Each structure stands twice: as structure tokens, then as C-alpha cells.
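# Descriptive structure summary
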Amino acid sequence: MNTSPTTPQHQNQPRSFVRRNGRMTAGQELAWAEYAGDYLLEMQRDGGATTVAKGVSRSPEEIFSRSAPLVVEIGTGDGEALIHAATEHPERDFIGIEVYQAGLARAMLNAHKRELTNVRLIEANAPEVLEHYLPETSVDEIRVFFPDPWHKARHNKRRLIAPPFVELASRVLKPSGIVRMATDWQEYADQMREVFDAATGYERAFEGEWAERFAGRPVTNFERKGAEKGRDIRDLTYRITSGAR
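Residues numbered from 1 in each chain as written. Predicted model: local features only at pLDDT ≥ 70, side-chain atom pairs only at ≥ 80, totals over all residues. Heavy atoms only, no water.

## Some points on the overall build of the protein
Here is the rule we go by: Strands are runs of DSSP state E lasting at least two residues, helices are runs of H or I lasting at least four, and both sets are numbered from the N terminus onward. For the exposure calls, accessible area comes from a 1.4 Å probe over protein chains only, and a residue counts as buried if that area is under 20% of its type's maximum, exposed if over 50%, partly exposed in between. By the convention used here, residues are in contact when the closest approach between their heavy atoms is within 4.5 Å. Computed with a 1.4 Å probe, the accessible areas rest on the Shrake-Rupley method; for each residue, only the protein chains presented here act as cover.
Each helix and strand in the protein was counted, giving eight helices and seven strands. Within the protein, the fraction of its 245 residues that count as buried is 49%. Long-range contacts, defined here as pairs at least 24 residues apart, represent 81% of the contacts in the protein between residues at least 6 apart. Here the protein displays about 12,400 Å² of accessible surface, and carbon together with sulfur accounts for 46% of that area.

Printed below as a string of C-alpha cells:
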């Protein structure tokens, strides 16, 4: 598809989310006002509230004022998994990407309660963050836990885990970098596996059909609800090898 020089590339592609105009609670608004300065990374936009302008890249060392392994979680929700991981691993840095302000506000509040200094949050469309904001080979691990399955066939094109995502992940991951995924939708799990099995420069970091459940992931509401409905929870883990870029 041809795009004009003034049209952001991702505005011409299906989004993996629908941004809803839900109101934050008074507590969430207060958390945003008090803690956004500590945790929310300021983004330059390119025509929309969740876009990321080109040429605004920042290194993890600039963001965290130290050099440490970086984990990026996409679709962090209210930060349950992110805050747990950052608490358990103070030697690592964590960036959570989310488009829903209510979830970001709750993540900020919980990060503040735990006095975490190794967490930052981004309000933006994740593919644009991977393409424009994060430098090449700057990320040790990408986590995508329970992304929207867009389970209706006509909506499958909105799914995040597709060949274009693999290319963007390859751009930011370091050599031997890891992609971890989890879903409770079997058909989406099959698609995730097909996409990464076919990707150049990746290898399975598991044996058998599925990876073992990632021990570093707490049982979140998404996982609990899926299990209660009788769905199998599928984990997948892939590692960059060579030729992925």
C-alpha cells in the first residue's frame, strides 16, 4: 500500500486495539496526576493520541540512568504482571506499553506503593514504539501475555502477533533476545506458533508442542478467567538466532 510522506505508516494498518473513551476513577486520576511524572515516558505524537513520531528514539540507558537488561511488556493492562516482575527482579528494567489510561494509572499507583525505580510506562501503539522509539538491539526480552484474540474471523487481521510484528521485534531485540507469549485462545496460539516457526532467524526455546508455563508470570485475571471457562493456557517462547534482521 502506498502512503504519502505525511501519513504515518501505522495509521494505514489494522490496529490490535480499539481505544475506548472510558473515564478514570477519582483515584486513578489522582494517581495519574501524582505519578505520571515518575513513570510515564513522554511521547512525541504523529497525528493521534497513541501514535509515536519518527526520530524520537531514546536508549534504555537514558531512560533508566543505568545499564541493565531490558524487558518490554506489550499490553500491560493494569500492570499486574509487570509490577510483579519488576519487584522480583530489581536488577532488570521494565517498560510496559498500554493504550488504556485507567490501566496505566493503576500500574503507576502500584509501582509507587512498591517504590520501584525500574519501571516505566508508555501510552502508545506498541508497533510504533518498536519501530520508532526503542533503538535497534536494545531489548533483551519482549513479553506479550493474553493479547486481544480478536476471535471473530473477520477481525483476525487485527491480531498483534503476525509477520509485521515479528519484523519489528527482530529490530529491537538483542542477539539471543527472547519473545514470550501466552494466550487462552487455542486458535490464536496456533497462529502465534505458525508465525514464529516460519520467521527467519528465530528458534523455539521449548521442546514439544508448547512451552511450559512461564514461572515469572503471576496468575492474572485474564488467565484466571480463561481457565475458569475451560480454556487451555498456551505459552510460547522463541529466541533470536541469526538472520532475523
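## Quick look at the sheet that holds strand 5 (residues 173–183)
Keep this limit in mind: Only strands joined by at least two bridges in the DSSP assignment are considered to pair. To obtain an axis, a line is fitted to C-alpha atoms, over the contacting stretch when the element is a helix, and the angle between two such axes runs from 0 to 180 degrees between their N-to-C directions.
Reading across the sheet, the seven strands line up as 3-2-1-4-5-7-6 and stay open at both edges, with mixed pairing between neighbours. Where the open sheet ends on each side, the last strands, each with one partner, are strand 3 (119–123) and strand 6 (202–204). Averaged over all adjacent pairs, the angle separating strand axes in this sheet is 20°, with direction ignored. Of the pairings in the sheet, the one linking strand 1 (residues 70–74) to strand 2 (residues 93–98) comprises five bridges and is parallel in character. Bridge pairing links leucine 70 to aspartate 93 in strand 2. Across the sheet, helix 7 (residues 186–198) lies against strand 5, strand 6 and strand 7 (234–240), angled at about 10° from strand 7, the strand it touches most.

## Examining the packing of aromatic side chains
In plain terms, the rule: Aromatic pairing here means that ring centres of Phe, Tyr or Trp (its six-membered ring) are within 6.5 Å. Orientation follows from the plane angle: under 30 degrees is stacked, over 60 is edge-to-face, and everything else is tilted.
For the coordinates displayed, the defined rule picks out four aromatic pairs. Measuring from ring centre to ring centre gives 5.2 Å for phenylalanine 196 and tyrosine 202, while their planes differ by 90°; the resulting arrangement is edge-to-face. The buried category is assigned to phenylalanine 196, whose relative accessible area is 0%. Where phenylalanine 206 meets tyrosine 238, the ring centres are 5.8 Å apart and the plane angle is 85°; that geometry is what we call edge-to-face. Taken together, the residues span a long stretch of sequence, with phenylalanine 206 in the loop between strand 6 and helix 8 (221–228) and tyrosine 238 in strand 7 at a distance of 32 residues.

## What to know about the side chain of serine 138
Applicable threshold: Residues adjacent in sequence count toward polar contacts only when both atoms are side-chain atoms; beyond that, a polar contact is any pair of N or O atoms within 3.5 Å, and within protein one must be able to donate a hydrogen and the other to accept it.
Along the chain, serine 138 falls in the loop between helix 5 (126–133) and strand 4 (139–145). From its side chain, serine 138 meets the backbone oxygen of proline 135 in a polar contact 2.7 Å long. For serine 138, the residues in contact, after removing those within four places along its chain, are Pro60, Leu70, Val172 and Lys174.

## Quick notes on unusual backbone geometry
The backbone of glutamate 115 sits at a positive phi, close to 55°, despite the residue not being glycine. Within the secondary structure, glutamate 115 is located in the loop between helix 4 (101–113) and strand 3. In this structure, phenylalanine 146 takes a positive phi of about 55° despite not being glycine. The topology assignment puts phenylalanine 146 in the loop between strand 4 and helix 6 (163–172).

## Some details on the packing of helix 1 (residues 26–39) against helix 4
Put simply, the rule is: The scheme is simple: roughly parallel for angles under 35 degrees, roughly antiparallel for over 145, roughly perpendicular for 65 to 115, oblique for anything else. Here a crossing is taken to be left-handed if its near helix is turned anticlockwise relative to the far helix by less than a right angle, and right-handed if that turn runs clockwise.
The N-to-C vectors of helix 1 and helix 4 enclose an angle of 65°; their axes lie 8 Å apart at closest approach. Relative to helix 4, the element helix 1 lies roughly perpendicular. Crossing handedness for the pair helix 1 and helix 4: left-handed. On helix 4, the residues that touch Gln28, Ala31, Trp32, Tyr35, Ala36 and Tyr39 of helix 1 are Gln101, Ala102, Leu104, Ala105, Arg106, Met108, Leu109, Ala111 and His112.

## A look at the nonpolar core
This is how it is decided: Working definition of a nonpolar core: buried Ala, Val, Leu, Ile, Met, Phe, Trp, Tyr and Cys residues. They are joined through side-chain atoms within 4.5 Å.
By size, the foremost hydrophobic cluster in this structure holds 45 residues, and its most contacted members are Ile74, Ile95, Tyr133, Phe165, Phe196 and Tyr202. Residues within four places of tyrosine 133 in sequence aside, it is in contact with Leu41, Met43, Val52, Val56, Ser57, Arg58, Ile63, Ile122 and Glu128. Of all hydrophobic cores here, the second largest spans 20 residues; its members include Ala86, Phe94, Ala105 and Ala107.

## As for the side chain of glutamate 128
Assignment of secondary structure puts glutamate 128 in helix 5. Here the side chain of glutamate 128 touches valine 52 through a polar contact of 3.0 Å, landing on its backbone nitrogen.

## Side note on the pattern of salt bridges
Worth spelling out the cut-off: Definition used for salt bridges: Asp or Glu carboxyl oxygen within 4 Å of a side-chain nitrogen of Lys or Arg.
According to the stated counting rule, one finds 15 salt bridges in the structure shown. Salt-bridge contacts for aspartate 78 lead to arginine 106; the nearest nitrogen and oxygen are separated by 4.0 Å. A residue pair is termed long-range when its members are at least 10 positions apart, and aspartate 78 in the loop between strand 1 and helix 3 (80–88) and arginine 106 in helix 4 qualify at 28 residues. By relative accessible area, which is 27% here, aspartate 78 ends up partly exposed. Between aspartate 197 and arginine 204 there is a salt bridge whose closest N-O contact spans 2.7 Å. With relative accessibility at 34%, the residue arginine 204 sits in the partly exposed group. Here the salt bridges do not stand alone but share partners, grouping Arg213, Arg217, Glu223 and Asp235 into one network.

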